[in-house]
Amino acid sequence: MKLVIAVVQDKDSNRLSNALIKEGFRATKLASTGGFLRAGNTTFMIGTENERVSEALQVIKANCKIREQMVTPVSPMGGTTDSYIPFPVEVQVGGAAVFVLPVERFEHF
């Protein structure tokens with residue numbers, strides 16, 4: 001058995017949740033916050049048999065898209081901010097960060 005942990009952008013959360021249910025995967029959703037953009041995201045914890053891990057990864061890949069977004073960087077932590085003029089920059093957001101972990105034991109009460 002494996003535990004698949006997928007951190008996805010909030011915009012992809014509902015679509016991924018519906019697709020996982022449709023494909024017969026049970027998942028727990030957790031609200032989380034990203035460190036880089038300090039934006040909301042959703043963490044899915046999916047327990048599945050070893051044989052279905054690649055299927056779960058395909059569902060995640062098909063429903064979590066990378067997109068371009070303009071962001072204004074946070075001001076620098078040190079030094080003076082008098083001369084700091086933040087210019088928006090384009091960054092890639094979205095997609096999914098996925099971790100696959102072995103599960104030694106699973107109990108459901």
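Residues numbered from 1 in each chain as written. Predicted model: local features only at pLDDT ≥ 70, side-chain atom pairs only at ≥ 80, totals over all residues. Heavy atoms only, no water.

Undergrad: Help me understand the packing of helix α1 (residues 10-22) against helix α2 (residues 53-63) in this model?
TA: Helix-helix packing is characterised by the crossing angle of the two axes and by the distance between the axes. Relative to each other, α1 and α2 sit at 145 degrees, their axes nearing to 9 Å. Of the two elements, α1 crosses α2, and the hand of that crossing is right-handed. Residues Asp12, Arg15, Leu16, Ala19 and Leu20 of α1 pack against Val59, Ile60 and Asn63 of α2. (Axes fitted to C-alpha atoms, helices over the stretch in contact; angles between N-to-C directions. Helix = DSSP H or I, 4+ residues; strand = E, 2+ residues; numbered from the N terminus. Left-handed = near helix turned anticlockwise from the far one by under 90°. Contact = heavy atoms within 4.5 Å.)

Undergrad: So what exactly am I meant to see when it comes to the pattern of salt bridges here?
TA: Scanning the model with the defined rule gives 3 salt bridges in all. Residue Glu107 pairs with Arg105 through a salt bridge whose shortest N-O separation is 2.8 Å. Look at Glu107 and you get partly exposed, because its relative accessible area is 41%. (Salt bridge = Lys/Arg side-chain N within 4 Å of Asp/Glu carboxyl O. Buried < 20%, exposed > 50% of the residue type's maximum accessible area, 1.4 Å probe, protein only.)

Undergrad: I would appreciate a short explanation of the sheet that holds strand β6 (residues 96-102) in the present structure.
TA: Sheets are built from strands paired through backbone hydrogen bonds, the pairs being either parallel or antiparallel. On the basis of which strands lie adjacent, the open sheet formed by 4 strands has the order β2-β3-β1-β6 and antiparallel pairing. Taken across any chain shown, the strands that pair with only one partner, and hence form the sheet edges, are β2 (27-33) and β6. Neighbour-to-neighbour, the strand axes of this sheet turn through a mean angle of 20 degrees, independent of strand direction. The pairing of strand β1 (residues 2-9) with strand β3 (residues 40-48) spans 8 bridges and is antiparallel. By the bridge assignment, Ala6 is partnered in β3 with Phe44. Packed onto the sheet, α1 meets β1, β2 and β3 and runs at close to 20 degrees relative to β3. (Pairing = 2+ DSSP bridges.)

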